[in-house]
Amino acid sequence: MSTFHDTFKIQSDRRPTFDDVTDSVVTALQKSKIQNGILVVYSQHTTCSVLIQEAADDVNYYGTELLMQDLVNVLEKIIPTCRTEGQYLHPGPKHIQAAAGRNEEAFWSLNTDAHLRSVLLGRSVTIPVVNGEMTLGEFGRIYFADFDQVRARQRTVRVQIVGE
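Student: What is the right way to look at the nonpolar core in this model?
Tutor: What tends to happen in soluble globular proteins is that the nonpolar side chains get buried as a cluster. One finds Val25, Leu39, Val41, Met134 and Ile142 to be the most contacted residues of the largest nonpolar core, which totals 22 residues. Among the secondary structure elements, those contributing two or more residues to this core are strand S1 (2-11), helix H1 (22-32), strand S3 (37-43), strand S4 (48-54), strand S5 (124-130), strand S7 (140-146) and strand S8 (154-163). Non-local contacts of Met134, meaning those with residues more than four positions away in its chain, are made with Thr22, Val25, Val26, Leu29, Leu39, Ile127, Pro128 and Ile142. Residues Phe18, Val72, Ala114 and Ala145 belong to the second largest nonpolar core, which totals nine residues.

Student: I'm lost on the environment of Ile79 in this one. Help?
Tutor: Tracing the sequence through the fold places Ile79 in the loop between helix H2 (66-78) and helix H3 (93-101). Each C-alpha atom of the pair Ile79 and His115 lies 10 Å from the other, and the pair is 36 residues apart in sequence. In this structure, Ile79 is in contact with Tyr88, Asp113, Leu116, Arg117 and Leu120, ignoring residues within four places of it in sequence.

Student: Any chance you could explain the sheet that holds S4 here in plain terms?
Tutor: To summarise the sheet geometry, strands pair through backbone hydrogen bonds and adopt either a parallel or an antiparallel arrangement. Across the sheet, three strands lie side by side as S2-S7-S4; this open sheet has antiparallel pairing. Here the strands that pair on one side only, and so sit at the sheet edges, are strand S2 (17-20) and S4. Across this sheet, the average inter-strand angle for adjacent strands is 30 degrees, counted without regard to direction. Note: S2 against S7, four bridges, orientation antiparallel. Bridge pairing in S7 places Asp20 opposite Tyr143. Lying on the sheet, H2 is in contact with S2, S4 and S7; it crosses S4 at an angle near 130 degrees.

Student: Looking at this structure, how should I read the sheet that holds S3?
Tutor: Strand order in the open sheet formed by five strands is S1-S8-S3-S5-S6, and the pairing between neighbours is antiparallel. Each end of this open sheet is capped by a strand with a single partner; those strands are S1 and strand S6 (133-134). Where S1 and S8 come together, ten bridges link them in antiparallel fashion. Across the sheet, Phe8 pairs through a bridge with Val157, a residue of S8. Its contacts with the sheet put H1 on S1, S3, S5, S6 and S8, and the angle it makes with S1 is roughly 150 degrees.

Definitions and cut-offs
Here, residues in each chain are numbered from 1, in the same order as that chain's written sequence. With the structure being a predicted model, the display of local features is reserved for residues of pLDDT at least 70 and the display and counting of side-chain atom pairs for 80 or more, all residues being used for whole-chain, interface and lining totals. Only hydrogens and water are set aside when side-chain values are computed; all heavy atoms of the structure are taken into account. Nonpolar core, defined: a set of buried Ala, Val, Leu, Ile, Met, Phe, Trp, Tyr and Cys residues in which side-chain atoms within 4.5 Å join the residues together. For each residue, the accessible area found with a 1.4 Å probe, counting protein chains only, is set against the maximum for its type, and the residue is called buried under 20%, exposed over 50%, and partly exposed in between. Helix and strand labels come from DSSP, where a helix needs a run of H or I of at least four residues and a strand needs a run of E of at least two; each type is numbered from the N terminus. Whether two residues are in contact is decided by their heavy atoms: any pair within 4.5 Å suffices. Two strands form a pair only when DSSP identifies at least two bridges running between them. Lines fitted to C-alpha atoms define the axes, with helix axes restricted to the stretch in contact, and inter-axis angles between N-to-C directions lie between 0 and 180 degrees.

Written out as structure tokens, the structure is:
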């Protein structure tokens, strides 16, 4: 039994972003030389999710695939974007004070919606590997979603593969 770990970086924007990371995950799988096992794609960031969906082909003016924009539109109805302090209980005064101690801008904490969306959708996917290939199905793609709209940041995508 072998274990392989890899990471790669992506850049988010100040709006929900969805990066198709499938090709990067395939590259990690090829580097691992594992033929049969389990592959996990994971986000260590608490405002991000990893999901499997088909490519929508069409995009809006911002370059967001239409299926992903539909997802944002649905999530907006059940978890509205945090636009001002007091809209959600979090962040409270202690959190703002702790953030200031880390040299963070107070408004960076107005991302409660991103935390809630991440919890709802999950921060990882697990994919069986059979004969050196992920079993994503005919149309399956892996997306790294960043729901944090208060600042653009570089994010780390983690890939862990266990098998033989």
